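Listed here are the chains, written in short residue letters.
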Amino acid sequence: MAAPLTLLLIVAVTIRAVLFRSSLAELISERVEVVSPLNAWKRVVEGLALLDLGVSPYSGDVFHETPLMIYLFHFTVDYAEIVFMIADGITAVALYLSIQTYNKNVFRKQKYALESDRYPADCLELLRSPKEMFYIPLKVAMFYLLNPFTILSCVAKSTCGLNNAIIALFIFCTLKGSALLSGILLALATYQSIYPLTLFAPALLFFLQRLYIPVNLRRSSFWFFTLQYAFIYVGSLVVITGLSFFLLGSWDFIPSVYGFIFSVPDLTPNIGLFWYFFAEMFEHFRLFFICVFQINVFFYTIPLSIKLKEHPVFLIFMQIAIISIFKSYPTVGDVALYMAFLPAWSHLYRFLRNIFLVSCVLLACSALFPVLWHLWIYAGSANSNFYYAITLLFNFGQILLVSDYFYAYLRREHHLIHGLYLKKKDGTEATLVLK
Amino acid sequence: MAAHRCGLSLVCILIFSSLAHPSSCDTLEKANDNTATKRSISEVNTDGSVAGEDMNERQWQSTDVEVNRSDGTKTSETFTPAPAPAPARDQFQEELVIRPLHSGDIYASFQFRTLWDTDFLQERQKKVSHYRLFPKSLGQVLSKFSVRELHISFTQGFWRTMQWGQPFIPSPPGAELWVWFHHTVSDVDGNWKELTNVLSGIFCASLNFIDMTNTVQPSASFKPLGLGNATDHRFLRYATLPREIVCTENLTPWKKLLPCGSKAGLAVLMKSEKLFHSSFHSQAVHIRPICQDEQCTSKAWELRQTLNVVFDHYTSGQGKKEWSLFKMFSRTLTEACPLASSSKVYVDITDNPEGELFELSPATHLLSRAVVLGDRRTYSVYDLTRAETFGQLRSFNLLLRWKGDSGDMLRPLLHAERYVAGFGLQTGEIHTVIYNNHPYRAFPVLLMDSVPWYLQLYVHTLTVTSKSRDNKPSYIHYQPAKDRHRPHLLEMLIQLPPHSMTEVTVQFERALILKDLTSSALVPSMVAMSTNFTQDQPLFSSFVPVKEESSYFVRVYTEPLLVNLPTPDFSMPYNVICLTCTVVAVGYGSFYNLLTRTFQVDEPSPPLAKRLANFIRRIRGVPLLA
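Because the structure is a prediction, the values reported are computed rather than measured.

A. The interface of chain A and chain B, seen in detail. With 67 residues of chain A at the interface, the matching set in chain B holds 53 residues. At the boundary of chain A with chain B, the tally comes to one salt bridge. Among the salt bridges present, the one from A:R43 reaches B:E509, with a minimum N-O distance of 3.6 Å. Taken together, the connections running from chain A to chain B amount to 23 residue pairs in polar contact (both at pLDDT 80 or more). For the side of chain A that touches chain B, the leading source of residues is helix α20 (residues 384-418) of chain A, giving 14 residues. Class assignment for the residues of the side of chain A that touches chain B results in 43 nonpolar, 10 polar and 14 charged. Direction of pairing for strand β1 (residues 432-434) of chain A relative to strand β27 (residues 599-601) of chain B: antiparallel, over a ladder of three bridges.

Written as structure tokens, this is what we have:
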């Protein structure tokens with residue numbers, strides 16, 4: 001399996017290197033779908049230039065990267081292209097190994113269940129075979145590396161690629177069972193962009209499941225491990241934040257990075273839901289609606305954790321997707337990360353209800369983004385509503401996609417318990433509904 | 001703060017090391033030690049034979065009391081001993097300078113100067129309450145807000161440096177206000193806010209639109225012009241309103257500040273319908289403390305009201321170059337302001353030394369030579385305080401008749417222009433081009449640019465090229481903007497090579513502007529200051545003979561930029577709010593469904609009749625139907 005992965009990496013790096021050298025690179029790095037005020041490379045360079053001028057990069061409204069990012073690029077600014085390609089490679093390899101581990105676990109569990117005869121007889125066709133699972137890790141890596149969204153994001157040198165790498169490494173460490181590394185990487189991801197803190201719940205659930213600790217609030221072992229993991233997480237977060245303070249000697253980055261993420265002052269168009277809504281929102285209600293919109297990311301964590309407590313990896317996927325839909329400055333790089341997981345759920349295809357519609361919506365939107373942007377900004381023949389309509393549709397498509405996968409996952413689990421061909425009381429074929 | 005101060009001293013060093021001037025050491029001393037400057041003012045040449053060598057403009061400017069005497073000494077044709085004015089505590093002077101421009105336009109510049117040796121910033125107990133010539137409204141403002149220096153200008157139209165040369169006092173289009181507060185002021189921002197509102201009332205202008213989003217504190221560009229050694233730019237506030245429209249309602253309150261109002265003296269000429277029917281109109285008020293006497297033992301306040309106007313009679317008046325006071329202002333002069341200690345009209349006749357180009361009537365043999373902005377000029381002087389100026393008709397209507405065509409265009413030594421490059425509403429590039437037309441001298445130039453927050457500047461894209469080579473600024477002060485709070489401020493010191501064109505470019509990104517239905521915004525003019533000066537006195541000195549080779553200080557404003565901004569469509573905010581909320585609700589709804597409900601086999605509900613029957617059966621207590 002190493003050979004196809006290496007080949008894939010070589011192909012991916014070649015594509016990126018060619019694009020970096022082409023004239024497209026500059027065009028791509030200006031696209032609002034690919035870069036947001038939070039992760040634009042131009043702003044990183046500006047921040048470094050401000051630092052050189054002796055001005056705090058956070059004194060203006062242009063730089064919103066974390067101090068560690070300044071530190072990283074202070075040394076590697078000349079090799080930025082290589083850094084971003086390596087980050088993409090790391091993400092792909094980490095996802096590859098994670099999914100490989102995950103599939104092994106799934107298969108082992110399925111084998112035990114089969115041996116203990118827990119599955120109904122008619123759902124053998126729902127079980128997964130090693131043959132179909134063999135290429136899934138490679139497909140995941142391919143979905144990430146060859147996804148046009150990832151390629152654009154990398155060529156634009158959006159720091160989103162680095163955040164994705166951290167999250168992918170976090171998933172890898174979690175699935176490998178290293179609570180310490182997982183906690184540290186989760187803290188790093190949180191430090192980078194706040195929102196990954198919702199991944200704390202799935203990681204905790206995974207470790208508990210792995211250590212056979214039942215989720216029971218009265219059990220001391222549960223609390224012991226939870227506190228232990230929380231301590232690692234919070235401790236690393238404090239250390240990283242403190243380190244940032246010592247790097248720059250001021251707390252200016254807190255309002256400039258996290259305040260900027262939460263209060264959404266920059267309404268540059270992007271693919272998210274926030275910009276146009278808050279451009280139109282009356283100032284009086286702004287705070288209220290900021291709270292309403294921001295809470296969406298964190299709101300689903302607890303119910304999802306309860307519903308999917310047996311399936312933490314799927315929960316990770318759900319959380320990453322929700323973050324990418326409801327975060328304040330989303331870019332296509334965020335979308336690419338959760339899309340990379342789709343091959344891992346390839347066994348759910350038979351239960352997906354509107355995958356065709358969703359694929360068409362997403363493809364059409366991706367094509368229409370640049371078109372309507374051009375009409376609005378350059379040709380002047382359209383107005384902002386056109387672009388807004390497309391972002392709306394794109395997010396609608398993403399929501400449909402995620403909820404469809406969620407539905408399919410739950411339905412498969414239901415069938416694995418109750419059998420595939422359900423009968424009504426009178427013996428006729430039954431339809432399954434949500435009640 | 002320390003960093004800024006370092007920067008400032010750096011500028012000073014650069015400025016003075018760049019002076020290829022014999023008296024530069026002298027100047028350096030003065031600039032470094034302000035008390036020395038004050039002392040040097042005492043060296044005013046009371047002796048008429050002393051040429052410019054020991055004099056500098058600073059002396060003249062600060063002790064304008066000497067105008068009459070020096071004028072008398074320097075008039076080449078006749079010597080008219082002016083009676084020494086009685087030492088009054090306050091005095092008023094007025095003058096009008098008319099300069100035929102090379103383009104055929106006529107430039108008229110009024111200056112009214114009120115001097116008062118009082119101190120507004122005294123202790124509260126000794127509040128100044130008795131006003132004579134100085135306008136009380138301004139005096140009260142000065143003492144209330146502890147203002148040390150105040151400069152305000154309202155300009156309609158753009159000064160075309162390429163065609164008209166340098167103005168005496170430059171000003172940017174729209175309104176410009178800059179104020180140095182006294183160093184005892186603790187809440188500078190609060191004072192500034194209140195002051196702008198008060199001035200807004202005094203001048204009937206929209207200065208109340210000055211807020212933190214268009215106020216900057218330049219670190220090096222706007223030094224105090226009067227006395228005082230404070231260089232701490234925390235007490236300086238500078239703002240421009242490029243959109244301000246200047247009209248009659250601004251002129252009337254301005255005229256009311258004059259001791260004679262518009263009833264007598266030169267102000268009679270200021271008829272609004274004529275003044276505003278012109279290519280360029282600029283009115284200004286400058287207040288600063290200066291030395292009251294030669295020893296500079298006491299401080300006096302100087303109020304300088306200037307009004308500059310350019311008439312385009314040549315283009316609008318059938319191509320004739322004749323002009324007269326009546327033609328320009330529809331009025332003639334009948335008397336000087338009785339309160340004025342000096343009242344004069346000057347006409348620039350530099351191009352006409354022998355009278356072959358044009359003819360002035362009535363003729364005067366009173367001449368004055370002056371070096372204005374490095375240029376040697378000759379002026380005909382008409383003294384309105386003398387009865388013979390008005391002749392038999394008791395009215396003075398100056399008339400100029402052209403005999404031949406004038407010479408070629410003069411090229412200004414220094415001028416700047418600016419434009420926005422790029423297309424679309426996303427990004428763009430501001431280009432500023434500065435020309436140095438001097439054949440062999442390099443000028444150090446201090447550029448100041450204040451850009452509103454809705455243009456996101458990228459200072460790493462800043463390039464300065466002259467003669468297609470990179471020209472690295474020796475000093476850069478940059479303060480990035482804060483959204484809705486603070487504009488960008490960019491100041492840099494550039495050396496302009498001789499006979500060159502220097503291009504400064506910086507890229508920007510446009511923000512989606514909110515709650516503003518206008519889709520375009522004006523970026524204020526960039527201020528380029530040639531720092532090549534021996535004294536910090538840009539106020540046009542009243543025709544004093546100065547050393548001819550003296551270098552001078554010039555402030556150049558570029559045109560303001562009009563930048564289109566992308567705007568959201570505000571025609572349907574409710575639709576947007578509803579649609580976005582719908583999508584969020586779709587997400588919430590589908591997750592909620594999946595989270596709270598469980599899969600169940602769909603059993604069709606029994607028909608209505610059966611349900612009714614079962615309901616009755618349940619009441620009766622008999623077994624239900626299946």
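B. Examining the packing of helix α8 (residues 148-155) of chain A against helix α18 (residues 332-339) of chain A more closely. Residue and element names in this part refer to chain A. Across the interface, α8 lies against α18 with an axial gap of 8 Å and an inter-helix angle of 140°. Classed by the angle they form, the pair α8 and α18 counts as oblique. Judged by the sense of rotation from one axis to the other, the crossing of α8 with α18 is left-handed. Across the interface between the two elements, F149, T150 and S153 from α8 touch V332, G333, V335 and A336 from α18. Class assignment of the residues belonging to the contact of α8 with α18 gives a composition of four nonpolar, three polar and no charged.

C. Quick look at helix α8 (residues 188-203) of chain B. Residue and element names in this part refer to chain B. When the terminal C-alpha atoms of α8 are compared, their 22 Å separation across 16 residues agrees well with the 22 Å that a helix rising 1.5 Å per residue should span. Buried within α8 we find V188, N191, W192, L195, T196, L199, S200, I202 and F203. Directly beyond the C-terminal end of α8, a positive phi value near 50° is found at C204.

D. Just the pairing of strand β17 (residues 443-451) of chain B, in detail. Residue and element names in this part refer to chain B. Across the nine residues of β17, nine count as buried, placing the element largely inside the fold. Going residue by residue along β17, you find F443, V445, L447, D449 and V451 tucked away on one face and P444, L446, M448 and S450 tucked away on the opposite face as well. Direction of pairing for β17 relative to strand β21 (residues 488-496): antiparallel, over a ladder of nine bridges. Each bridged residue has a counterpart across the sheet, and for V451 the counterpart in β21 is H488.

E. Quick peek at the sheet that holds strand β9 (residues 323-324) of chain B. Spatial ordering of the open sheet is given by β9-β14-β11 (chain B), a layout of three strands whose pairing is antiparallel. Strands with a single pairing partner mark the edges of an open sheet, and in this sheet they are β9 and β11 (358-361) of chain B.

F. Representation of the UniProt feature "transmembrane region" (unreviewed entry) in chain A. Residues and elements named next belong to chain A. This chain's UniProt record puts "transmembrane region" (unreviewed entry) on residues 79-99, 194-213, 225-251, 257-278, 285-302, 314-342, 354-379 and 385-407. Across residues 314-342, the secondary structure splits into 72% helix and 0% strand, with the terminal C-alpha atoms separated by 10 Å. The span residues 354-379 shows a helical share of 96% and a strand share of 0%, and its end C-alpha atoms are spaced 35 Å apart.

G. Quick look at the packing of aromatic side chains. Here the structure, examined in full by the defined rule, presents 76 aromatic pairs over all chains. When the ring of A:F277 is compared with that of A:F278, the centres are 5.2 Å apart and the planes differ by 85°; the resulting orientation is edge-to-face. This pair shows no difference in class: A:F277 is buried, exactly as A:F278 is. Pairing B:F112 with B:W254 gives two aromatic rings, centres 6.2 Å apart and planes at 75°, and the pair type is edge-to-face. With B:F112 in strand β2 (residues 106-116) and B:W254 in helix α9 (residues 248-256), this pair connects stretches of sequence that are 142 residues apart.

H. Region of interest: the side chain of B:E509. With respect to the element layout, B:E509 can be found in strand β22 (residues 500-510). Exposure remark for B:E509: the relative accessible area of 15% places this residue in the buried category. Here the side chain of B:E509 touches B:Y458 through a polar contact of 3.4 Å, side chain to side chain. Apart from residues no more than four positions distant in its own chain, B:E509 is found in contact with A:K42, A:R43, B:Q426, B:T427, B:Y454, B:L455, B:Q456 and B:Y458.

I. Spotlight on the pattern of salt bridges. Applying the stated rule across the entire model yields 20 salt bridges over all chains. With its nearest N and O atoms 3.6 Å apart, the salt bridge here joins A:E30 to A:K42. With A:E30 in helix α2 (residues 24-30) and A:K42 in helix α3 (residues 41-52), this pair connects stretches of sequence that are 12 residues apart. A relative accessible area of 24% places A:E30 in the partly exposed class. The network of salt bridges with shared partners includes B:R113, B:R288, B:E302 and B:R304.

J. The arrangement of the sheet that holds strand β16 (residues 427-436) of chain B in detail. An order of β15-β16-β22-β18-β19 (chain B) is seen for the five strands of this open sheet, with the pairing classed as antiparallel. The sheet is open, and its two edges are formed by β15 (414-421) and β19 (469-470) of chain B, each paired on a single side. In this structure, β16(B) lies alongside β22(B), joined through 10 bridges in antiparallel fashion. Within β22(B), the position partnered with B:H431 by the bridge is B:T505. This element, α3(A), spans β16, β18 (455-466) and β22 of chain B of the sheet and lies at about 65° to β18(B).

K. Up close: the environment of B:S298. Residues and elements named next belong to chain B. Structurally, S298 is set in the loop between β7 (280-291) and β8 (299-311). Looking at S298, the relative accessible area reads 28%, which means it is partly exposed. A sequence separation of 181 residues divides S298 from D117, and the C-alpha atoms of the two residues are 7.4 Å apart.

L. Up close: a nonpolar patch on the surface. Residue and element names in this part refer to chain A. A contiguous nonpolar patch, built from L7, V11, I15, M142 and L146 and spanning about 380 Å² of accessible area, is present on the exposed surface. Among the elements that take part in the nonpolar patch, helix α1 (residues 2-21) stands out by supplying three residues, more than any other. Checked against the element boundaries, V11 lands in helix α1. With a relative accessible area of 36%, V11 lands in the partly exposed category.

Thresholds, definitions, all that
Residues numbered from 1 in each chain as written. Chains lettered and ligands numbered in written order. Predicted model: local features only at pLDDT ≥ 70, side-chain atom pairs only at ≥ 80, totals over all residues. Heavy atoms only, no water. Contact = heavy atoms within 4.5 Å. Salt bridge = Lys/Arg side-chain N within 4 Å of Asp/Glu carboxyl O. Polar contact = N/O pair within 3.5 Å; in protein donor to acceptor, adjacent residues only side chain to side chain. Helix = DSSP H or I, 4+ residues; strand = E, 2+ residues; numbered from the N terminus. Nonpolar A, V, L, I, M, F, W, Y, C, P; charged D, E, K, R; others polar. Pairing = 2+ DSSP bridges. Axes fitted to C-alpha atoms, helices over the stretch in contact; angles between N-to-C directions. Parallel < 35°, antiparallel > 145°, perpendicular 65-115°, else oblique. Left-handed = near helix turned anticlockwise from the far one by under 90°. Expected span 1.5 Å × (residues − 1). Buried < 20%, exposed > 50% of the residue type's maximum accessible area, 1.4 Å probe, protein only. UniProt positions renumbered as here; feature names shortened; annotations may be inferred. Phe/Tyr/Trp six-rings, centres within 6.5 Å; stacked < 30°, edge-to-face > 60°. Patch = residues over 30% accessible without salt bridge, like charges linked within 9 Å, V, L, I, M, F, W, Y side chains within 5 Å. Areas by Shrake-Rupley, 256 points an atom, 1.4 Å probe, with all protein chains shown as cover.

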